[in-house]
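Spelled out from the first residue to the last, the chains are:
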Amino acid sequence: MYDVAARERIHELDAVRGFALCGILVVDIWQITDMTATVPSGGAMDPVRHVLSVVVEERFFPIFSFLFGLSFALFLDGAAERTARPRVVLARKLVALGALGLVHQLFQPGEALLPYAVVGLVILLPASALPSWLVLVAGLVGTVGVALTLGGGLALVPGLFLLGSAAERFGLVDVLRGRTWPIAAVFVIAVPAAIATAVWQWRTPYLELWTSSIEPIAGLLGAVAYATGLLLVLRTGFGEVLTEVLEPMGRMALTNYVSATVLILLAEERLHLGGTTRYPALLGLAAAILVLQAFVSYLWMHWLRYGPLEWVWRCVTWWRIVPIREPEPEGVASIGLPRR
């Protein structure tokens, strides 16, 4: 377990979470609008979609899921210092997330909030009582094993949640705070593996991807390469500027994820992307949404402590009105938002 100081907000993780939201948005747009992946003649994959599938698809969702599991463990540690029944508080938090997910499902079938809540209640909550080594083994089996047999997407969530929880238990927080070489070592190993599997995925015919494990494996390796690469960049002079942009977006992850659905649906009324392969227009829409969310997130978090949905979620979790401006007592963390 970590002391209070170790559970202070980790700005790098907020920035990585914001970065993951950027990639998730691109995939969400073509899923929500039901764009087609293949050109009308011949059934070949649209060239731009092909590039996006190799660069974006299955690469960012694993990062977000892993961080959810890690923040789950941080929250439980902090809640244990504040209440005698931390798992009850955590269960209430997950139930509230599931309720929001049910509403969100009406507008974005296949969204992640409801599955996250269910997996959190069914797998993460019971696993919090298991030894750390067992959680790690279960996470590895649930991630790699599922990717090799069942494919990617939401099927990877239980394993990634467990891996994130195990990472917090084994001290990933300390690694991020003080040392760069472990991150660099993982990056050096992950990059060639990610490139090799991405090339393999690129050369695999579109229809064969449905029955192949190459896409989820390439996605996981790409996620590791992206996350560690970004962490290294964040430790440079340019990284300070990048953190200023991405961190507020990550701190408002729930608000940005849900509001993106609203913005996509509003834009679709004019763009009519459904059933088309107008992926350049998709990229333009994604850029516009991200610029807007980055601007609003920066202003909001400059004045307030939580995003709007994050604040409501926290109030329901603790079953009281939480100050949105003033710091809370030490020792309280949050899922998705480790406290400052």
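Note that this is a predicted model, so its numbers are computed, not measured.

Parameters and conventions
Residues numbered from 1 in each chain as written. Predicted model: local features only at pLDDT ≥ 70, side-chain atom pairs only at ≥ 80, totals over all residues. Heavy atoms only, no water. Helix = DSSP H or I, 4+ residues; strand = E, 2+ residues; numbered from the N terminus. Rg over C-alpha atoms; globule rule 2.2 N^0.38 Å. Buried < 20%, exposed > 50% of the residue type's maximum accessible area, 1.4 Å probe, protein only. Contact = heavy atoms within 4.5 Å. Areas by Shrake-Rupley, 256 points an atom, 1.4 Å probe, with all protein chains shown as cover. Lys, Arg positive; Asp, Glu negative; His and termini not counted. Charge placed at Lys NZ, Arg CZ, Asp CG, Glu CD. Salt bridge = Lys/Arg side-chain N within 4 Å of Asp/Glu carboxyl O. 1 Å grid on protein atoms, 1.4 Å probe; cavity = no way out; pocket = protein on both sides within 12 Å on 5 of 7 lines; lining within 4 Å. Points joined across faces, edges and corners; volume = space filled by probe spheres on them. Nonpolar A, V, L, I, M, F, W, Y, C, P; charged D, E, K, R; others polar. pLDDT = per-residue confidence, 0-100. Axes fitted to C-alpha atoms, helices over the stretch in contact; angles between N-to-C directions. Parallel < 35°, antiparallel > 145°, perpendicular 65-115°, else oblique. Left-handed = near helix turned anticlockwise from the far one by under 90°. Phe/Tyr/Trp six-rings, centres within 6.5 Å; stacked < 30°, edge-to-face > 60°. Lys NZ or Arg CZ within 6 Å of the ring centre and 35° of its normal.

Caption draft 1: A look at the overall build of the chain. Assigned secondary structure in the chain consists of 14 helices and zero strands. Taken over the C-alpha trace, the chain has a radius of gyration of 19 Å; the compact-globule value for 340 residues is 20 Å, and the two agree within 12%. For the C-alpha atoms alone, the extent of the chain along its principal axes is close to 65 × 40 × 40 Å. Looking at the chain residue by residue over its 340 residues, the buried ones come to 53%. Here the analysis covers contacts within the chain between residues at least 6 apart in sequence; of these, 77% occur between residues at least 24 apart. Accessible area for the chain stands at about 15,200 Å²; split by element, carbon and sulfur atoms hold 71% of it. Of the side-chain charges in the chain, 24 are positive and 25 negative, and the distance between the mean point of each set is 6 Å.

Caption draft 2: Representation of the pattern of salt bridges. Within the structure shown, the criterion is met by two salt bridges. Two residues, glutamate 12 and arginine 235, come together in a salt bridge whose shortest N-O distance is 2.8 Å. Pair noted here: glutamate 12 is in helix H1 (residues 11-32) and arginine 235 is in the loop between helix H10 (214-234) and helix H11 (237-251), with a separation of 223 residues, a long-range link. For glutamate 12, a relative accessible area of 15% corresponds to the buried category.

Caption draft 3: The arrangement of empty space enclosed by the protein in detail. One pass over the full model with this rule turns up four cavities of 30 Å³ or more. As a volume, the second largest cavity reaches approximately 80 Å³. If you trace the second largest cavity, you find it lined by Leu21, Ile24, Leu25, Asp28, Asn256, Tyr257, Ala260, Leu290 and Gln293. Contributions of two or more residues to the lining of the second largest cavity are made by H1, helix H12 (253-271) and helix H13 (279-303). Ranked by the residues each element gives to the lining of the second largest cavity, the list is headed by H1, at four residues. Looking at the lining of the second largest cavity residue by residue, the classes come out as six nonpolar, two polar and one charged.

Caption draft 4: Molecular detail of the confidence of the model for the chain. Overall, the predicted model of the chain reaches an average pLDDT of 89, with 92% of residues at or above 70. The low-confidence segment residues 1-8, where pLDDT is below 50, has 27 contacts with residues more than four positions distant or belonging to other chains.

Caption draft 5: A look at the packing of H12 against helix H14 (residues 308-318). Contact pair H12 / H14: the axes reach a minimum separation of 6 Å and the direction vectors enclose 120°. By the angle between their axes, H12 is oblique relative to H14. In the crossing of H12 with H14, the sense of the turn from one axis to the other is right-handed. Only Pro308, Leu309, Glu310 and Trp313 of H14 make contact with H12, whose side of the interface consists of Ala253, Leu254, Thr255 and Val258. Its residues placed into classes, the contact of H12 with H14 shows six nonpolar, one polar and one charged.

Caption draft 6: Representation of the packing of aromatic side chains in the model. Applying the stated criterion across every chain yields a total of 10 aromatic pairs. Measuring from centroid to centroid gives 4.8 Å for tyrosine 116 and phenylalanine 161, while their planes differ by 75°, and the two rings are edge-to-face. With tyrosine 116 in helix H5 (residues 113-127) and phenylalanine 161 in helix H7 (residues 157-169), this pair connects stretches of sequence that are 45 residues apart. The same class applies to tyrosine 116 as to phenylalanine 161, namely buried. Chaining the aromatic ring pairs together yields one cluster made of Phe61, Phe64, Phe68, Tyr116 and Phe161. Stacked on the ring of tryptophan 30, the Lys or Arg arginine 49 has its end atom at 4.0 Å from the ring centre. Of note, lysine 93 hangs over the ring of tryptophan 313, and the distance from its end group to the ring centre comes to 4.1 Å.

Caption draft 7: Seen up close, the side chain of threonine 255. In this structure, threonine 255 sits in helix H12. If near-sequence neighbours (up to four positions away) are discounted, threonine 255 is found in contact with Gly307, Pro308, Leu309 and Glu310.

Caption draft 8: Quick peek at the layout of surface pockets. Quantified by volume, the largest pocket comes out at close to 880 Å³. Lining the largest pocket we find 30 residues, and of these Phe66, Leu172, Val186, Val224 and Thr228 sit closest to its centre. Among the secondary structure elements, those contributing two or more residues to the lining of the largest pocket are H1, helix H3 (61-80), helix H6 (132-149), H7, helix H8 (172-178), helix H9 (181-203) and H10. Residues that form the lining of the largest pocket fall into these classes: 27 nonpolar, three polar and no charged. One number sums up the size of the second largest pocket: a volume of about 490 Å³. The wall of the second largest pocket is formed by 25 residues, among which Glu57, Glu58, Leu209, Trp210 and Glu215 lie closest to the centre.

Caption draft 9: Local environment of the environment of alanine 223. Note that alanine 223 resides in helix H10. Counting along the chain gives 203 residues from alanine 223 to alanine 20, while the straight-line C-alpha distance between them is 9.2 Å. In this view, alanine 223 contacts Arg59, Pro62 and Ile63; residues no more than four positions away in its chain are not counted.

Caption draft 10: Main features of the packing of H1 against H11. At a minimum axis distance of 6 Å, the contact between H1 and H11 shows a crossing angle of 80°. Taken as axis vectors, H1 and H11 run roughly perpendicular relative to one another. In this structure, H1 uses His11, Asp14, Ala15, Arg17, Gly18, Phe19, Leu21 and Cys22 to contact H11, whose residues at the interface are Thr243, Leu246, Glu247, Met249, Gly250 and Arg251. Looking at the contact of H1 with H11 residue by residue, the classes come out as six nonpolar, four polar and four charged.

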